Structure formats: C-alpha cells, structure tokens
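What follows is the residue order along each chain.
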Amino acid sequence: MAGVSSESLTKALTGLEARLPFASLQLAKELFAILGTVDSSAGLRRALTDPSRSGEEKSALIRQLFSGKVSTEAAEIAAGLASSRWASARDIGDALETLAATVVIAVAENKSAVSASGITGLEELENDLFSFNQAVASSHEVQRALSEPQASAAAKITLAERIVPGVGEEAKVLIGQAVSQPRGIKATRLVARFAELAAKRQQRWIATVSVTRPLTETQANRLQAGLNSLYGRELKINVKVDPLLIGGIRVQVGDEVLDASVLTRLGELQRQLAG
C-alpha cells in the first residue's frame, strides 16, 4: 500500500490509538465481519473507493449497511475508513484488516500492561502465531487441508485450533481469521503479517538509549524512572555506548526519537549557519 492509501491508513491508525486502551476482541471480530462483507461485494468496494463520491456519502453508506448489525464503535471506525481516499478497491479492505488486527494486538498488550510491561502479552501473542506457522509447516496434510477450497471456514478454524490448542484467545482470533479469510494469500503468510504487526507494537515498550559512556547504576535507575514517567508505561531499556555522540543522550522508543546529543545540536547549528 502506498501513496494516498498509505496516508489514509496512517490517519486511521492514529485515530484508532485513542480507542486501544479499551479495546476488546468483540470489536476486532466485528471489524473482521465488516471486512468479510466488503470483500464479498465488488460493487460495494467500488462504491467505497469511488473518487467521485464524497467522504460523507461513503460514510453514510457504511452506517446504513451495518447499523444494528455491529456496535456503533465498529461502524464508526469503518465509516471513517470509507470517508478517506483509496488508490484501489483492495486497499480499503487491507486497511480494515490492519485495524482489526491492531485491536486484537492491543488486547494482548493491555492484558499484561496493568501489572507489568505490556511487552509480555505481545511476546506471548507473537510466539503463539509463530507456533501455528511452525505446526503448519511441519505437516503437508495440514497445509492441504487449509488450502482446500471446498472445506468450510468453520472446519478450517477447528483444525487450526486443534494443532495449536494452547494458544491465547487473541491468537485464536487472528489465526481463525487467517485460515477462514486469507484474502487470496496463504493463511500462514497472513499469520506472519499479523506477527509482524505485533512485533512492531512491541517497539513501543522498548527504549534504545545511546550514550557516550556506560551509565552508573544510579544513572540507569534515574533514566528508567524518567522514561517510565515520560511514557506512562514500564519500558524495557537497551543501552548502547556510542562515542560518536560526543556528549548527551539519544533515546528511541518505537518511531519516536528524543535526541539531546551534542552532535545533533552541532549539526543543527551547522545547518542554521549554512542557511
């Protein structure tokens, strides 16, 4: 996904973030159900991505179709997607799939974030997804069964749960979605994509700190406390010594970078002088 579709997805994910602390698996299931309806109708996909229609018209169409069938929250999320611009008819489905998976991943994150680092729940989810893919890879019979076009979605979900019976509820939802609605790709490839989303979410809980010299225990404790307070969660901190910084500190959490290094300030000064 690129161009205008990528921008629309980024906007949707930013808007979804405020809902994630209260996310539920039911919301994710409803979003996946909406995706199933969108995927089943080429006419609906064309209507939702028609550039000649206004965003309000497309949002109204979603609300009309799903009012009373899903929660107001799910309908509003889908309506928000419909109001955006999409480069192709498939892109809106891909975006809806990403949002639904992100909700599931946030549920796993929130389970352990109350008492410990949310990275724990995310790691468990990622491990569950990898376990499924490994189990499928080890059995040609299972691979054939999951790719059998005549097999029902329910039968494939039952088979998937049988081969990895110990996985968590979040993994069951994502694996079930992948085997029942792979959307033109192998189920294991879609599961791997869900695992990548979970891995990316984990980066929110990891702070990579670059310093010019090793920190003392006191400095490390102060850094830990300061970053936890700044981000409002228990971060895992990885410290790297980088003499090229000259002085100061550089912190990266996910895509966000806090850079207080002398080198960066010198670079900014040089750019100002050059300008």
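In case you missed it, the structure is sitting above this.
Residues numbered from 1 in each chain as written. Predicted model: local features only at pLDDT ≥ 70, side-chain atom pairs only at ≥ 80, totals over all residues. Heavy atoms only, no water.

Brief notes about the packing of aromatic side chains
Move 1: All chains considered together, the criterion is met by 1 aromatic pair.
Move 2: Note on Phe32 and Phe194: the rings are 6.5 Å apart at their centroids and 55° apart in plane angle, and the pair reads as tilted. With Phe32 in helix 2 (residues 25-39) and Phe194 in helix 11 (residues 187-202), the pair connects residues that are 162 residues apart, well separated along the chain.
Move 3: Judged by its relative accessible area of 0%, Phe194 falls in the buried class.
Move 4: Against the face of Trp205 rests Arg233, its NZ or CZ located 5.6 Å from the ring centre. (Phe/Tyr/Trp six-rings, centres within 6.5 Å; stacked < 30°, edge-to-face > 60°. Helix = DSSP H or I, 4+ residues; strand = E, 2+ residues; numbered from the N terminus. Buried < 20%, exposed > 50% of the residue type's maximum accessible area, 1.4 Å probe, protein only. Lys NZ or Arg CZ within 6 Å of the ring centre and 35° of its normal.)

Topic: the sheet that holds strand 4 (residues 256-259)
Move 1: With respect to topology, 4 strands assemble into an open sheet ordered 2-1-3-4, the strand pairing being mixed. Of all strands in the sheet, those bounded by a partner on one side alone are strand 2 (236-241) and strand 4. When the angles between neighbouring strand axes are averaged without regard to direction, this sheet yields 15°.
Move 2: Sheet analysis places strand 1 (residues 206-211) next to strand 3 (residues 249-253), joined by 5 bridges and oriented antiparallel. The residue bridging Val211 from the neighbouring strand is Ile249, located in strand 3. (Pairing = 2+ DSSP bridges. Axes fitted to C-alpha atoms, helices over the stretch in contact; angles between N-to-C directions.)

Describing the nonpolar core
In a soluble, globular protein the nonpolar side chains are often hidden away together inside.
Move 1: Formed by 67 residues in total, the largest nonpolar core has its most connected members in Leu31, Ile34, Leu129, Phe132, Leu174 and Ile175.
Move 2: Per element, the largest residue contribution to this core is 12 residues, and it comes from helix 6 (residues 89-113).
Move 3: Not counting residues up to four positions away in its chain, the partners in contact with Leu129 are Ala171, Leu174, Ile175, Val191, Phe194 and Ala195.
Move 4: Ala207, Val211, Leu235 and Val253 belong to the second-largest nonpolar core, a separate cluster that totals 9 residues. (Core = buried A, V, L, I, M, F, W, Y, C linked by side-chain atoms within 4.5 Å. Contact = heavy atoms within 4.5 Å.)

Brief notes about the packing of helix 2 against helix 10 (residues 169-180)
Packed helices, taken two at a time, are described by the angle their axes make and the gap between the axes.
Move 1: Taken N-terminus to C-terminus, the directions of helix 2 and helix 10 make an angle of 5°; their axes are 11 Å apart at the nearest point. One element, helix 2, and the other, helix 10, form an angle in the roughly parallel class. Together, Leu25, Lys29, Phe32 and Leu35 of helix 2 and Glu169, Glu170, Val173, Leu174 and Gln177 of helix 10 make up the contact between the two elements.
Move 2: Looking at the contact of helix 2 with helix 10 residue by residue, the classes come out as 5 nonpolar, 1 polar and 3 charged. (Parallel < 35°, antiparallel > 145°, perpendicular 65-115°, else oblique. Nonpolar A, V, L, I, M, F, W, Y, C, P; charged D, E, K, R; others polar.)

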